Amino acid sequence: MKKTRVIWKLLLMMVVLLFGVSTVFAQSELRKVMKERGLTEKDLLAAAKTYTPTGKHDPYIVFSSGGQSGQILVYGVPSMRIYKVLAVFTPEPWQGYGYDDESKKVLEGGKVRGRYITWGDSHHPALSETNGDYDGQYLFINDKAHARVAVIDLKDFVTKQIVKNPIMKSDHGGCFVTPNTKYVLETTQYAAPFDNKYHSIKEYNKVFRGAMTFWRFDRKKGRIIPEKSFSVELPPYMQDLADAGKGISDGWAFTNSWNSERYTGGIEEGNPPFEAGCSANDTDYLHVINWKGVEKEVEAGHYKLINGHKVVTLKTLVKKGLIYLIPEPKSPHGVDVSPSGRYIIVSGKLDTHASVYDFKKILNLIKKKDFIGKDPYGIPILSMRKSLHGQVELGLGPLHTQFDSKDGIVYTSLYVDSAVVKWDYKRLKVLDKIQVHYNIGHLVTPHGDTVHPRGHYLIALNKLAVDRFNNIGPLHPQNHQLIDISGKKMQMLYDLPIPIGEPHYAVMIDAKLLKPEVRYKLGWNPYEDSRSPYRTLPGRERIVRKGNRVEVFATAIRSHINPERIVVKKGDIVTIHVTNLERAEDETHGFGIYGYNVQFSLEPGKTSSATFVADKEGVFPYYCTEFCSALHLEMFGYLIVKP
Ligand code: RUQ
Ligand code: CUA
């Protein structure tokens, strides 16, 4: 009772401060609103913890995967206000991404066997790290459907590069970075042949393979260097989530798996379905890989070139003692390395327990060559019992784990129970549980997968929303729920519907670490981080014709586009470059042309180009597509194509 009264007084004080009204008036107003909206005192407290007055900024920023949209969602915590959708694997017109020549080049990096792909199943974002903690410089994300990885530079929140994995057909265990972002990890999901040829499913054990790729990241250039990247060949066990070691496990990588049966399905032939065949064994394998050792083998030239990519074979890995397997409860999910790097938490998924492995014990077993056997590929297997620190029964469907700032405290999602469980992985006991709505996949805490988790908030990334929001048709949004974890008991604060696809993972960073630019240098091509050779200064606008090639050097500044008329002949190949001359913050112009699928977003200083064949005669208005000034509507011109 006493506590409620204190809360009540605090809230009143807030209202008084906020509105500058008398206590009595504020009290009656507040009571009225509560009554009208059916709010409890608990609701008011949650509101006070999340409400962010106009002009106030958020202390944390979340980068959430956008699932099938192939994008990334950026929102603030605790306000849960959505700030931006980052275009990554998919064309996105607001940002002009995929609609100008410069960004098309980035998307082309993600071609699959020559085909231009316009979607991605974005899964796990990863922030760049320095000494194991976020540094606010780069963001990476994988596309499960096509085994691709993208690099986003956080100095302007723009996708700079997409690389296609040369040997994988899908991925899941990515992206995870090594503690200084030397490598970005990507691990296969569905085993497949490394080559692009026909193979019968009967060749599964021999030809189908998993892999873990170590993409070498050049921090200065802000790009992945494919020539310096390499992969390790893995058995076709359907590798799942992965993580890079840190602290005492730095130099090692971990991935679990869910098909040690090497089951190949075939209900068509009367075989059991995949989901039964892939979970017949009681255990699957946690893979333990010494990547620093693998790096040395690559340097020594002990690799095979497959599709032009360096692959260290299973044979080499086994011969040099660079890979080990440890049984884990069947079809597990999530493999999360503790801040110190000593403990590795694997969730049961089909088992109600989380298994906490102790890397010190693992290293000892490896040193002593204390193995319980070998798998069909000759990989030594360590004893599960001897590798474990312990197991804790958490509930139904444990999936992912995030760490708290308090030592030993973690949060694990329970998919089947629709709950988050708070527990102690060192002392092996459950501390608290909270219901979420519904069927949670991942969860995220600030810096929750680094050496220095910050605590305070947790977001449950729920797969199903069911009845939580207004009915907007059979396709429901997912539901991100903000939870206060600063106290002993977890408290639900806020629901955020996610409108662009199924978010898998999200990362949450201290907003102070992000220092993006507000404008580009004049004439900038952000996709190449250099001055565009096509930049145009005021007074230098021109139209240059060479044979049937017409090149237009244009500028945009409040409130005109120069030139105002572009006259070409039918069949001409036209390239239009537009430079935004503005220096003022947020003075973005756009440039859209009727009928030619051209749309630029011209942030201050940016130069964008579009090349097209003027294959239709007629009159084609172009105009600025951002409401930039009182005379924005007047910011236009005509492309006239003569017969
Ligand atoms: S994994 S919902 Cu697809 Cu990130 Cu666990
Ligand atoms: Cu420029 Cu509207």
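Since we're looking at a predicted model, the values are computed, not measured.

Caption draft 1: Structural context of the site of ligand 1. The environment of ligand 1 is formed by His123, His124, His172, Leu241, His333, His400, Gly441, His442, Lys463 and His504. Looking at the shell around ligand 1, its residues break down into one nonpolar, eight polar and one charged.

Caption draft 2: Seen up close, the sheet that holds strand 2 (residues 71–77). The antiparallel open sheet is built from four strands, whose spatial order is 3-2-1-34. The open sheet terminates on both sides in strands that have one partner only, identified here as strand 3 (82–87) and strand 34 (506–510). Strand-to-strand twist across the sheet, computed as the mean angle between neighbouring axes with direction ignored, equals 20°.

Caption draft 3: Seen up close, the pairing of strand 30 (residues 440–444). A large share of strand 30 lies buried, amounting to five of its five residues. Bridging between strand 30 and strand 31 (residues 457–462) involves three bridges; their strand directions are antiparallel. Opposite Val444, over in strand 31, you have Ile459 as the bridge partner.

Caption draft 4: Fine view of the packing of aromatic side chains. Counting across every chain of the model gives 26 aromatic pairs. Look at Phe591 and Tyr622: their rings are 5.2 Å apart centre to centre, the planes differ by 45°, and that puts the pair in the tilted class. Taken together, the residues span a long stretch of sequence, with Phe591 in strand 42 (residues 589–593) and Tyr622 in strand 45 (residues 618–623) at a distance of 31 residues. With relative accessibility at 0%, the residue Tyr622 sits in the buried group. Site record: aromatic cluster; members linked through ring pairs are Tyr183, Phe214, Phe230 and Trp291.

Caption draft 5: The arrangement of the sheet that holds strand 40 (residues 565–569) in detail. Read across the open sheet, the five strands follow the order 40-46-45-42-43; overall the sheet is mixed. Strand pairing shows two members of the sheet lacking a second neighbour, strand 40 and strand 43 (598–602), which therefore form its edges. Strand after strand, the sheet turns through a mean of 15° between neighbouring axes, direction not considered. Of the strand pairs in this sheet, strand 42 and strand 43 are connected by five bridges, and their pairing is antiparallel.

Caption draft 6: Quick peek at the pattern of salt bridges. The final tally for this structure, using the stated rule, is 31 salt bridges. The salt bridge involving Lys155 is made with Asp529; its shortest N-O contact spans 3.5 Å. Here Lys155 is found in the loop between strand 6 (148–153) and strand 7 (158–164), whereas its partner Asp529 is found in the loop between strand 35 (524–525) and strand 36 (530–531), with 374 residues between them in sequence. A relative accessible area of 30% places Lys155 in the partly exposed class. In this structure, the salt-bridge partner of Lys160 is Asp529, at a minimum N-O distance of 2.8 Å. In this pair, Lys160 is assigned in strand 7 and Asp529 in the loop between strand 35 and strand 36, connecting sequence segments 369 residues apart.

Rules and cut-offs
Residues numbered from 1 in each chain as written. Chains lettered and ligands numbered in written order. Predicted model: local features only at pLDDT ≥ 70, side-chain atom pairs only at ≥ 80, totals over all residues. Heavy atoms only, no water. Near = heavy atom within 4 Å. Nonpolar A, V, L, I, M, F, W, Y, C, P; charged D, E, K, R; others polar. Pairing = 2+ DSSP bridges. Helix = DSSP H or I, 4+ residues; strand = E, 2+ residues; numbered from the N terminus. Axes fitted to C-alpha atoms, helices over the stretch in contact; angles between N-to-C directions. Buried < 20%, exposed > 50% of the residue type's maximum accessible area, 1.4 Å probe, protein only. Phe/Tyr/Trp six-rings, centres within 6.5 Å; stacked < 30°, edge-to-face > 60°. Salt bridge = Lys/Arg side-chain N within 4 Å of Asp/Glu carboxyl O.

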